[in-house]
Amino acid sequence: MSATEPHLLASSILRMRLGAQIFLANHTHVAQLLPVARLRDMHDERGQPMQQIRLPDLLQSTPAPVHHALLVTTRRRTVALLVTAVDLWVQPSDVVPVIQPLPPVLRRALTHAWITGILITDGQPLLLLNLRQIAQDALKQAAQGEREQRGQPIQ
Amino acid sequence: MFDQAEAYLLFRVADEQYALPSGSVHEIVRWQAAVPVPGAPTILPGILVQRGVVYTVVDTRLLFGFAATAPERATRYVLFHEDEHRLALLVDAVLDLIALDLTLSEAIPATLPVAQARLLRGVVRHTDLLIALIEPPELLAALYAEV
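Cut-offs and rules
- Residues numbered from 1 in each chain as written.
- Chains lettered and ligands numbered in written order.
- Predicted model: local features only at pLDDT ≥ 70, side-chain atom pairs only at ≥ 80, totals over all residues.
- Helix = DSSP H or I, 4+ residues; strand = E, 2+ residues; numbered from the N terminus.
- Buried ≥ 20, exposed ≤ 12 C-beta atoms within 10 Å, placed from the backbone.
- Contact = placed C-beta atoms within 7 Å.
- Rg over C-alpha atoms; globule rule 2.2 N^0.38 Å.
- Nonpolar A, V, L, I, M, F, W, Y, C, P; charged D, E, K, R; others polar.
- Pairing = 2+ DSSP bridges.
- Axes fitted to C-alpha atoms, helices over the stretch in contact; angles between N-to-C directions.
- Arc of directions from axis to C-beta.
- Core = buried A, V, L, I, M, F, W, Y, C linked by C-beta atoms within 7 Å.

### Let's talk about the overall build of chain A
Each helix and strand counted, chain A has three helices and 10 strands in total. In chain A, the succession of helices and strands from N to C terminus is β-β-β-β-α-β-β-β-β-α-β-β-α. Put simply, chain A has 155 residues, and 30% of those count as buried. Taking all contacts inside chain A whose residues are at least 6 apart in sequence as the whole, residues at least 24 apart take part in 63%.

### Thoughts on the overall build of chain B
Looking only at helices and strands, chain B features three helices and 10 strands. Mapped from its N terminus to its C terminus, chain B presents α and β elements in the order β-β-β-β-β-α-β-β-β-α-β-β-α. For a compact globule of 147 residues, the expected C-alpha radius of gyration is about 15 Å, and chain B comes in at 15 Å, within 12% of that figure. Here the C-alpha coordinates of chain B stretch approximately 45 × 35 × 30 Å along the principal axes. By the burial criterion, 35% of the 147 residues in chain B qualify as buried. Contacts spanning at least 24 positions in sequence make up 53% of the contacts within chain B whose residues lie at least 6 apart.

### Observations concerning the interface of chain B and chain A
Where the parts come together, the accessible area they lose is often given as the size of the interface. Residue-level contacts link 18 residues of chain B with 20 residues of chain A. Elements with a minimum of two residues in the side of chain B that touches chain A: β4 (46-50), β5 (53-59), β7 (85-91) and α3 (136-146) of chain B. Its residues assigned to classes, the side of chain B that touches chain A shows 12 nonpolar, four polar and two charged.

### So, the sheet that holds strand β3 (residues 32-35) of chain A
Residue and element names in this part refer to chain A. The strand order across the open sheet built from four strands is β3-β5-β6-β4, with neighbouring strands paired in mixed fashion. Taken across any chain shown, the strands that pair with only one partner, and hence form the sheet edges, are β3 and β4 (51-54). For this sheet, the mean inter-axis angle between neighbouring strands, taken without regard to orientation, is 30 degrees. Of the pairings in the sheet, the one linking β4 to strand β6 (residues 78-83) comprises four bridges and is parallel in character. Among the inter-strand pairings, Gln52 is bridged to a residue of β6, identified as Ala80. Sitting on the sheet, helix α3 (residues 131-150) is in contact with β4, β5 (68-73) and β6, with an inclination near 110 degrees to β6.

### Some points on α3(B)
All buried positions along α3(B) are accounted for by B:Pro136, B:Leu139, B:Ala142 and B:Leu143. Seen from one end, α3(B) has its buried residues packed into an arc of 120 degrees, which puts them on one side. Of the exposed residues in α3(B), the ones pointing more than 90 degrees away from its buried face are B:Pro137 and B:Ala145. Looking at the packing, one finds that the buried side of α3(B) touches α2 (104-109) of chain A together with β2 (16-21), β5, α1 (60-63), β6 (76-82) and β10 (129-134) of chain B.

### What about the sheet that holds β6(B)?
Residue and element names in this part refer to chain B. Within the open sheet, the five strands sit side by side as β3-β6-β7-β5-β4. Their pairing is mixed. Edge positions in the open sheet fall to β3 (25-30) and β4, since each of these has one partner strand only. Neighbour-to-neighbour, the strand axes of this sheet turn through a mean angle of 35 degrees, independent of strand direction. As defined by bridge partners, β4 adjoins β5 across five bridges and the pair is classed as antiparallel. Bridged to Leu48 within β5 is Tyr55.

### A few points about the environment of A:Gly47
As for its position among the elements, A:Gly47 is in the loop between β3 and β4. Remark: the alpha-carbon pair of A:Gly47 and A:Leu139, spanning 92 residues in sequence, is separated by 16 Å.

### Observations regarding unusual backbone geometry
Of note in the backbone geometry, A:Asp122 takes a positive phi value of approximately 55 degrees without being a glycine. Along the chain, A:Asp122 falls in the loop between β9 (115-121) and β10 (124-129). For A:Asp122, a count of 8 C-beta atoms within 10 Å gives the class exposed. For B:Arg51, which is not glycine, the phi torsion reads 55 degrees and is therefore positive.

### A few points about the nonpolar core
In a soluble, globular protein the nonpolar side chains are often hidden away together inside. In terms of nonpolar packing, the biggest core is built from 77 residues, with A:Leu81, B:Val57, B:Val78 and B:Ala88 touching the most fellow members. Among residues more than four places away in sequence, those in contact with B:Val78 are B:Leu9, B:Phe11, B:Leu20, B:Val25, B:Ile28, B:Leu89, B:Val91 and B:Val94.

### Here's the deal with the environment of B:Leu97
Residue and element names in this part refer to chain B. By secondary structure assignment, the location of Leu97 is in strand β8 (residues 93-99). Distance in space between the C-alpha atoms of Leu97 and Phe11 is 8.9 Å, their sequence separation being 86 residues. Residues contacting Leu97, with those up to four places away along its chain left out, are Ala7, Leu9 and Ser22.

Structure below.
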């Protein structure tokens with residue numbers, strides 16, 4: 001998804017909490033939603049324990065508890081993105097589905113393409129996350145970390 | 001009240017007085033917590049929405065080379081438009097709307113730190129104050145140089 005992607009339908013927006021802050025995501029990026037406790041015995045396509053990424057640690061400066069897992073499938077693997085809670089699946093009548101692009105200065109300042117737009121609801125801006133991009137970058141980062149530990153060159 | 005070309009919004013950042021052309025200023029709003037944007041630099045502490053428009057908050061203390069401080073009662077956002085940019089300049093206080101005679105403006109003092117001098121078109125004396133005149137395009141250029 002990009003800032004130039006046509007407007008999302010409100011019914012395809014997932015609303016989630018990371019600590020006290022609310023974020024949005026495109027629910028087509030999410031293969032499955034489940035409680036964190038159920039990840040314990042889950043494995044990915046390679047038969048390895050499911051990679052878990054705590055989104056509050058990745059996106060915020062203050063720690064927050066995580067209770068729900070969003071399974072996101074990238075080209076290579078499935079990753080569990082952990083969030084404090086998924087509040088609701090926004091219904092079309094709740095919100096005007098106009099996703100605004102990020103302001104140009106923010107687009108330039110952000111090092112990752114993890115936020116693709118802003119939706120204003122009740123006068124407050126909610127950030128739309130690109131969960132697939134976050135999952136891909138988290139996997140890449142984890143792979144680099146493993147290579148560094150093994151002493152292999154980073155590509 | 002004023003000729004638009006001469007009207008300036010006077011505000012304070014740290015102990016210094018600055019003036020912005022009033023034509024670039026859309027509104028002054030009281031401080032409120034901005035919505036933080038993950039991964040943004042500290043000079044851009046978040047975004048806020050005013051009348052349906054998204055503004056990027058700019059910490060002018062950091063942009064002007066001062067240390068950041070916590071907001072106080074007088075802290076305000078100056079909602080600023082320049083081209084397609086919509087910025088909420090976080091300032092320590094908004095002081096006045098004044099008419100300035102730019103023919104009396106002086107060159108930027110050589111002693112002024114580069115972080116401030118790069119934003120300015122000059123300085124002007126008004127009553128007993130020395131006011132730094134901000135050039136909006138230069139403000140944007142300085143911001144882009146920081147992010």
